[in-house]
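Architecture at a glance
Residues per chain, in single letters:
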Amino acid sequence: MDFKTAIASALAAQCSLPAEELAGWLETPPSPDMGDYAFPCFKLAKTLRKAPNAIAEELAETLALPEGVSSVEAKGAYVNFTLDKAAQAKAVLERVFSQKERYGGSDMGDGRNVCIDYSSVNIAKPFHIGHLPTTVIGNSLYRIYNHLGFHSVGINHLGDWGTQFGKMIVAYKLWGDRDTIEEGGVDELVKIYVRFHQEVETDPSLDDQARAWFKRIEDGDPEAMELFEWFKAITLTEVEQVYDILGIRFDSYAGESFYNDKMGRVVDELREKGLLKLDQGAQIVDLSEYKMPPCIILRSDGATLYATRDIAAALYRKDTYDFAKCLYVVAYQQDLHFRQWFKVVELMGYPWSKDLVHVSFGMVSGTEGAFSTRKGNMVKLRDVLRAACDKTYEIICEKSPDLENKRAVAQQVGVGALVWNNLYNGRIKDVVFDWNTVLNFDGETGPYVQYTHARACSVLRKAEYKPGDVDYSILTDAESAAAITAIGAFPDAVREAMEKNEPYLVSRAVIAICAAFNKFYFEQRIMADTPDVRAARLALTDATRSVIKTGLGLLGIAAPERM
RNA sequence: GUGCCCGUAGCUCAGCUGGAUAGAGCGUUGGACUCCGACUCCAAAGGUCGAAGGUUCGAAUCCUUUCGGGCACGCCA
């Protein structure tokens, strides 16, 4: 039984209210010297018709001391509970040592599948800084769900369909060169694509050719398909290099083209269920009852749309994975689109429509406004990654000249800094890309966390630490207790991060652990002369190291042992 | 015009299922390395929580209105 439950049941015995409800009322006092848990008595005042202060005093006197609690005090309208520090230290640290890298996890997911649609790159388009949020948020959620006993299914819903591929083929046949493209990759594909748009101004017939080529792709013409697949391969090789650097993998690359033959079923089903309506030549689902514009299923020329494809994909994923949840890590611009087609799925009579979640996030813009491939102010992800790694390399050369494999560590730290920046705040915040911010490693950043981890590793290494019996009563000073409290708060943070699909809750929990540990490090000498004291502090150091590593892992960030 | 989101310290943000003196980091100023990694730690300064009403014993948090910003609003994705 944990401390909170113990306190709640002790209170329940006195208040004749369910312990579960009372547990929900418990708060954390504003200052640690007031205690570890606080019970506000305002709500009881009404039913008991007594002053909250009087209730608090009475409770404090009559309450049986819950297990693990050393003191109960009334302060104003609150009953404050102070935990027995040694008991808390024992409970928290033993849990860390027994669960190890699984600390903060659980089996609550029960092996159920969670589909996570993220990154979803466009074929033959550059992988730029704007793709980072969906990529790293999705990756972190992937890890967080797995940690909690779910089975994550990472889906890269490739943007690999549309008339632009007809244009690509025309452009390639006119101005492309196989070797140049093999060598230059996506950049070369973009070049000829841009040229197409320039030349079509003077030669509109190019558009007709493009349409014809796209038709050939649709019909499965061998030559068209070969080129189409080749463009895909070129793009994927390139983005996979970035995924490798970021430590990201996907379970499926089923994208738009994959659902091409699966949309007829959706249209038929919508028609059978009487949801389709002809309006201005297009087939729509009327959503005016739900105060939304109609969801267009078929264009007036009979072609399918984005929503059609997303519905087809959702049905396919439900059939294939029987997901407990299906997350779409997509920028908030598409909020209405998701609300619309989620509603359509609901109207189709699928109760699992409630399991579809749009995990939206803010947009990335430059200091001079929105990024645009056409404007050419787009910042390529590879360039940012390289810059971050280079800067880290310089810092390492300056501060740790003797470190082996500097380049490898520089990559872990540089990339970690970048990933951290995207997972440190609430998703919804817009981000203005700025080199100074991106390359700032001071304060509450990835490198700070990694440094703390490396520092803990260093201490343990020098001490030649071996786990053993610990006298937990040694870890009762303010700094040790604060570190232990922070570590103890980690599991709840992970669970909440999953419930809200907000990885930053993990980041903040990790930062709290680091801050507490660094303070502990400063105030208490770990390598104390007394063996018992040293053993206890080393144990705390080891637990800290372990939880930081786990936390960074959930964010998709490496935890080097030296840096 | 309508809908959704955001507005908290100079800057970037936590806190928002209502609760005790509104918290961090950056930046600024000052301080701490004979000692386990100073990419660290400590301290100071800095706030009408956009504004106005309302609900409440109690509001940054809930409701209404309003101002400012972002996004979206039928055949793109």
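Up top is the structure these notes are about.
Summarised in this report is the structure supplied together with it. (Residues numbered from 1 in each chain as written. Chains lettered and ligands numbered in written order. Predicted model: local features only at pLDDT ≥ 70, side-chain atom pairs only at ≥ 80, totals over all residues. Heavy atoms only, no water.)

Moving on, we come to the sheet that holds strand S3 (residues 78-83). If you trace the three strands from one edge of the open sheet to the other, you get S1-S3-S2, paired in antiparallel fashion. At either margin of the open sheet sits one strand with a lone partner, and together these are strand S1 (37-40) and strand S2 (69-75). Neighbour-to-neighbour, the strand axes of the sheet open up by a mean angle of 20°, direction not taken into account. Pairing analysis gives four bridges linking S1 to S3, with the strands arranged antiparallel. Bridge pairing in S3 places Pro 40 opposite Tyr 78. Relative to S2, helix H4 (residues 52-62) is tilted by about 155°, and along the sheet it contacts S1, S2 and S3. (Pairing = 2+ DSSP bridges. Helix = DSSP H or I, 4+ residues; strand = E, 2+ residues; numbered from the N terminus. Axes fitted to C-alpha atoms, helices over the stretch in contact; angles between N-to-C directions. Contact = heavy atoms within 4.5 Å.)

The next thing to look at is helix H15 (residues 381-399). An ideal rise of 1.5 Å per residue puts 27 Å on 19 residues; H15 measures up with 27 Å between its terminal C-alpha atoms. By the burial criterion, the buried members of H15 are Leu 381, Val 384, Leu 385, Ala 388, Cys 389, Thr 392 and Ile 396. Around the axis of H15, the buried residues are gathered within 125° of arc, so they sit on the same side. Of the exposed residues in H15, those oriented more than 90 degrees away from the buried face are Glu 394 and Glu 398. Turning to H15, the residues buried within the fold contact helix H6 (132-147), helix H11 (222-246), helix H16 (406-423) and helix H17 (435-438). (Expected span 1.5 Å × (residues − 1). Buried < 20%, exposed > 50% of the residue type's maximum accessible area, 1.4 Å probe, protein only. Arc of directions from axis to C-beta.)

Taken together, three strands build an open sheet; the order of strands is S6-S7-S8 and the sheet is antiparallel. Only two strands of the sheet have a single partner each, and these edge strands are strand S6 (276-279) and strand S8 (295-298). On average, adjacent strands in this sheet sit at an angle of 45° to one another, irrespective of strand direction. Note: S6 against strand S7 (residues 282-285), four bridges, orientation antiparallel. Paired with Leu 276 across the bridge in S7 is Val 285. Sitting on the sheet, helix H12 (residues 263-272) is in contact with S6, S7 and S8, with an inclination near 115° to S8.

The next thing to look at is the environment of Gly 104. By the secondary structure assignment, Gly 104 is in the loop between helix H5 (85-99) and strand S4 (113-117). Measuring from C-alpha to C-alpha, the distance between Gly 104 and Leu 275 comes to 45 Å, with 171 residues separating the pair along the chain. Those residues in contact with Gly 104, other than ones at most four positions away along the chain, are Gln 99, His 147, Leu 148, Phe 490, Pro 491 and Val 494.

Here the focus is the nonpolar core. Residues Ile 116, Ile 129, Phe 231, Ile 487, Phe 490 and Val 506 are the most contacted members of the largest nonpolar core, which totals 120 residues. With residues up to four places along the chain from it excluded, the contact list for Ile 129 reads Val 364, Phe 371, Val 379, Leu 381, Val 384 and Phe 433. (Core = buried A, V, L, I, M, F, W, Y, C linked by side-chain atoms within 4.5 Å.)

Under the definition given, this model contains 33 salt bridges. The residue Asp 160 makes a salt bridge to Lys 232 at a minimum N-O spacing of 3.0 Å. Note that Asp 160 is positioned in the loop between strand S5 (151-155) and helix H7 (164-175) and Lys 232 in helix H11, a separation of 72 residues in sequence. With respect to class, Asp 160 is no different from Lys 232; both count as buried. Asp 335 is the partner of Arg 339 in a salt bridge, and the nearest nitrogen-oxygen pair spans 3.3 Å. (Salt bridge = Lys/Arg side-chain N within 4 Å of Asp/Glu carboxyl O.)

For the rest of this paragraph, the subject is the protein's contact with RNA strand B. The environment of RNA strand B is formed by 56 residues, the closest being Tyr 78, Glu 256, Arg 299, Glu 444 and Lys 462. Among atoms of RNA strand B positioned within 4 Å of the protein, sugar and phosphate together represent 61%. Residue Asp 279 places a side-chain N or O atom 2.6 Å away from a base nitrogen belonging to RNA strand B. The contact in question runs from a base nitrogen of RNA strand B to an N or O atom on the side chain of Ser 458, over 3.0 Å. Of all elements in the fold, only S3, S7, helix H14 (335-347), H15, helix H18 (446-463) and helix H21 (504-523) reach the threshold of two or more residues within the surface near RNA strand B. The leading source of residues in the surface near RNA strand B is H18, at eight residues. By residue class, the composition of the surface near RNA strand B is 28 nonpolar, twelve polar and 16 charged. (Near = heavy atom within 4 Å. Polar contact = N/O pair within 3.5 Å; in protein donor to acceptor, adjacent residues only side chain to side chain. Nonpolar A, V, L, I, M, F, W, Y, C, P; charged D, E, K, R; others polar.)

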